[in-house]
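Residue strings, one per chain:
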Amino acid sequence: MKRFFIYVLSLLVLASCGGDKTTVRLADNPARAVNFDKTYPIVDSLLRVMTLEEKIGQLVLYTSDWDVTGPSIRDGYVDDIRAGKCGNIFNAYTADYTRQLQEIAVNETRLGIPLLFGYDVIHGFRTIFPINLGISASWDMPLIEESACIAAHEAAAAGLHWTYSPMCDICVEPRWGRISEGAGEDAFLGSAVAAAMVYGYQGKDLEDPLTIAACVKHFAAYGAPQAGRDYNTVDMSERWLREFYLPPYKAAVEAGAQTVMASFNELDGTPATANAHLLTEILRDEWGFDGFVVSDYTGIWEMVNHGTSKDLEDACIQALNAGNDMDMQSGGYSEYLAKAVKEGKISKKTLDEAVRRVLTVKARLGLFEDPFRYCDAEREAAETKTESNLMTARTLAEESCVLLKNNNNLLPLNKNSKVAVIGPMADRADDLLASWRGAGQVEGVKSILDGIKEMAGGVVYAQGCDVEKPGQAGFNQAEYTARSGGTVIMVLGEPCDWTGEAACRTSIQLPGEQKELLRRIAATGQPIVLVLLNGRPLDLSEESELADAILEAWYPGTMGGEAVARLLFGEASPSGRLSVTFPYNLGQVPIYHYAKNTGRPYVHHGVKYESRYLDCENEPLYPFGYGLTYTTFTYGKPELSAAEFGPKGSITAKATVTNTGSKEGTEVVQLYIRDLVGSVTRPVKQLKGFERITLAPGESREVEFEITPELLSFWRKDMTFGPEAGEFRLFIGPASDCQDFVTFKYNK
Ligand code: NOJ
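The shown structure was predicted, so the numbers you read here are calculated from the model rather than taken from an experiment. Here the residue index of a chain counts from 1 through its sequence in written order. The predicted origin of the model limits local features to residues at a pLDDT of at least 70 and limits the giving and counting of side-chain atom pairs to 80 or more, whereas totals for whole chains, interfaces and linings rest on all residues. With hydrogens and water excluded, all non-hydrogen atoms of the structure serve as input to the side-chain values.

## Regarding the site of the ligand
Phase 1: One heavy atom suffices: a residue is near a molecule or strand as soon as one of its heavy atoms comes within 4 Å of it. Around the ligand sit 14 residues in total, of which Thr69, Asp120, Arg178, His218 and Asp296 are the nearest.
Phase 2: Interatomic distance of 2.5 Å between a side-chain N/O atom of aspartate 296 and an oxygen atom of the ligand.
Phase 3: For the ligand, whose free accessible area comes to 290 Å², the fraction covered by protein is 100%.
Phase 4: Residue type decides the class: Asp, Glu, Lys and Arg count as charged, Ala, Val, Leu, Ile, Met, Phe, Trp, Tyr, Cys and Pro as nonpolar, and the leftover types, Gly among them, as polar. A per-class count over the shell around the ligand returns 7 nonpolar, 2 polar and 5 charged. By the criterion applied in these results, polar contacts are pairs of N or O atoms within 3.5 Å in which, for protein atoms, one can donate a hydrogen and the other can accept it, and in which residues neighboring in sequence qualify only through two side-chain atoms. Areas reported here follow the Shrake-Rupley algorithm with a probe of radius 1.4 Å; residue values treat only the protein chains shown as occluding.

Pasting the structure below:
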């Protein structure tokens, strides 16, 4: 009977598919046309016949017991599925297991509505790419998109429909462990990365069983917790929020992301979980988002701790009324929504709207046509960790690494030269996969030491010390090893579980005895290449003195061992640029390139009353956008096609970039703009464009950027968004500290 019912509904749907073009999305990117403009009559048909309990079931999301990504595991999710009380599951994967659960939903519930399976596919599913902070340092949007596309293929083959990615939280707070999961400090770069990932996951047609739905998280401003402590209070002006924090979420929504996750934090005194300003006014009314919003893990329940709901029932009423459609794991919607609707505390219309959004996403994924289209054991076996996926992972790992220092061109090392490898992170393959490693497994993953062994002519190795525990018993052996090899490659960093969720620090120094180990090895006088594995900007002020070369490798993923070795020995060439500022020390934090000038900028050395420190520079150790290569580039002065333009026009800015070294290299050419006078204060520099170019030795290229009124727009004094007439400085250079500028005018 159930099957017959869903079959009849499906016929109704198929008869009328192909539907109206109701919304025009992705207007500036028509190639991305997906099936969002289709109407799905099955959704209306279902809504007409669903009971209150069945509707609520569609708003409930429980974790399976396959993975632990939050504080509580709830027993009985299989019974809940069978009873129609749970329409969505996360942390369950493999074609076989998802098929098993899907069969229960489709065959044993009255309406047979398929389950939606979600998972944290954050930087890969089985083939693990570098952490997202690393990925963003590649500044390579097509490759980032490809990595998300591969992650989607692998996840979809394992029965998954939905990833909790991209994480769009801008962050200038290195203490926060989750800075590793995002694209760094900048809204412009962050927006590009967010859109690329959505395109990669969702492809051109969400019904295609190789694509999965994206989830924009954590909405909003989760990356700005006070004191860098996870889940802590966030408070900032509406202007700051809109200018520096919201753009990546918006870009992901505009790229067609089907779902949004509300963040754990409060904002302006209201938990994001039930923040109608965020979830309804901004997200839906302003941005036109038509997918569904899910809470974060037990986020609804946590509103009681926040102190804005007296109990879970109250929290559920507030959350759904504010626009939070789906309850992840708190169990509150299951328990209290029916009562709340019966008592009129939630209107039937609000409930139906939320259910409609969830069912529409299921329809867009093609689940009503074939609920099992994603569970394909054969495809799962054939398309996972393929050679081609692994090669993409290797390339992205290479592009993510940032060369911070390279005195006397110590790198690249000659292939087959002798090296001494020292340090507690050198032989830890598991750490390369980082936190949020999806279903990635360490079997077959080569450590950095393994990678080096395949390249070098001879390798001696000493661990030296533990990565976090005290103890210098291994120092003598390490010194002896340093003296017996050629160049020393030290591999230091943070254990990978020191970043990610609930992994914050009050120090951004290398943990344990590692710094002391570096001092001791430096004292031997051997040349040192320092390879860093970490997930946040570290205080490297001493390390940058002691080491001759430094390669920031983040956590580079499944192919990280090979990728790092290839960079060290010149089989590949570093092209990454920092997507986040590295301070001299924690005292400078927050530090980011789009700072304001202040009324007393630091310009006259020696004058007391200026905005400066007594004991440290204002500038960072390594600025945003910075990174070296194995060659050198020079920039000609920026040139403009005209010195002014107005609302209907645009100008082009260009600069000639020349490879002046003896090796091919990739440069990330960056455009920064400063608005000199505004109705409100403006940053001293803001990233407004970038392009990756590869040049042969001696080759020059003109790189052009179009300067449009939109590029100059910001939230003006009256909180309208747009440009203001006046004078602007324009910089084209290799990093955010570039100095050469030209000026132009924008006229009303
Ligand atoms: C909590 C995390 O904040 C979120 O990023 C993740 O997607 C969920 N748990 C589900 O695992």
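## Some thoughts on helix H21 (residues 514–522)
Phase 1: Burial here depends on accessible area, computed with a 1.4 Å probe over protein chains only, as a share of the maximum for the residue type. Under 20% is buried, over 50% is exposed, and the range in between is partly exposed. The helix count covers DSSP runs of H or I at least four residues long, the strand count covers runs of E at least two residues long, and both are numbered beginning at the N terminus. Residues of H21 that are buried: Gln514, Lys515, Leu517, Leu518 and Ile521. Down the axis of H21, the sector holding all buried residues measures 155°, keeping them to one side. Read the arc as the range of directions from the helix axis to the C-beta atoms.

## Focus: the pattern of salt bridges
Phase 1: The salt bridge criterion pairs a side-chain nitrogen of Lys or Arg with a carboxyl oxygen of Asp or Glu, the two atoms within 4 Å. Overall, the coordinates contain 42 salt bridges when judged by the stated rule.
Phase 2: A salt bridge links arginine 379 to glutamate 383, with the nearest nitrogen and oxygen atoms 3.8 Å apart.
Phase 3: The exposure class assigned to arginine 379 is buried, which follows from its relative accessible area of 12%.
Phase 4: Two residues, aspartate 675 and arginine 682, come together in a salt bridge whose shortest N-O distance is 3.9 Å. The pair formed by aspartate 675 and arginine 682 is uniform in burial state, with each residue classed as buried.

## Comments concerning the nonpolar core
One recurring pattern in soluble globular proteins is that nonpolar side chains are buried together.
Phase 1: Counting 217 residues, the largest nonpolar core has Ile89, Trp162, Phe219, Ile452, Ile489, Met490 and Leu568 as its most contacted members.
Phase 2: The contact rule is simple, with two residues in contact once any of their heavy atoms fall within 4.5 Å. Setting aside residues up to four positions removed in sequence, methionine 490 forms contacts with Ile422, Leu517, Leu518, Ile521, Ile528, Val529, Leu530 and Val531.
Phase 3: Residues belong to one nonpolar core when they are buried, are Ala, Val, Leu, Ile, Met, Phe, Trp, Tyr or Cys, and are joined through side-chain atoms within 4.5 Å. Counting 23 residues, the second-largest nonpolar core is a separate cluster that includes Phe633, Phe645, Phe705 and Leu730.

## A short note on the confidence of the model for the protein chain
Note that predicted coordinates carrying low pLDDT should not be read in detail.
Phase 1: Looking at the protein chain, the pLDDT average stands at 94 and 95% of residues meet or exceed 70.
Phase 2: Under a pLDDT of 50 for its full length, residues 1–31 has, in the predicted model, 43 contacts with residues more than four places off or in other chains. Confidence of the prediction at every residue is given by pLDDT, a number between 0 and 100.

## Observations concerning the side chain of glutamate 173
Phase 1: Within the secondary structure, glutamate 173 is located in the loop between strand E4 (162–163) and helix H8 (187–202).
Phase 2: What makes glutamate 173 buried here is its relative accessible area of 9%.
Phase 3: Not counting chain neighbours up to four residues away, the residues in contact with glutamate 173 comprise Ile179, Gly223, Pro225, Ala227, Gly228 and Val589.

## Describing the domain arrangement of the protein chain
Phase 1: Where each domain begins and ends follows an automated or database-derived domain assignment. Parsing the protein chain into structural domains produces domain 1 (11–380), domain 2 (401–588) and domain 3 (633–746).
Phase 2: Each of domain 2 and domain 3 has a C-alpha centre, and these two points are 35 Å apart.
Phase 3: The interface is formed by 4 residues belonging to domain 2 together with 8 residues belonging to domain 3.
Phase 4: Summed over both sides, the interface between domain 2 and domain 3 buries roughly 400 Å², with carbon and sulfur atoms accounting for 40% of that surface.
Phase 5: Accessible area that two parts lose when put together, evaluated with a 1.4 Å probe and summed over both, is termed the buried area. Together, Pro412, Ser575 and Arg577 form the three largest contributors to the area buried by domain 2 at its contact with domain 3, with a combined 87%.
Phase 6: The tally of links from domain 2 across to domain 3 stands at 1 salt bridge.

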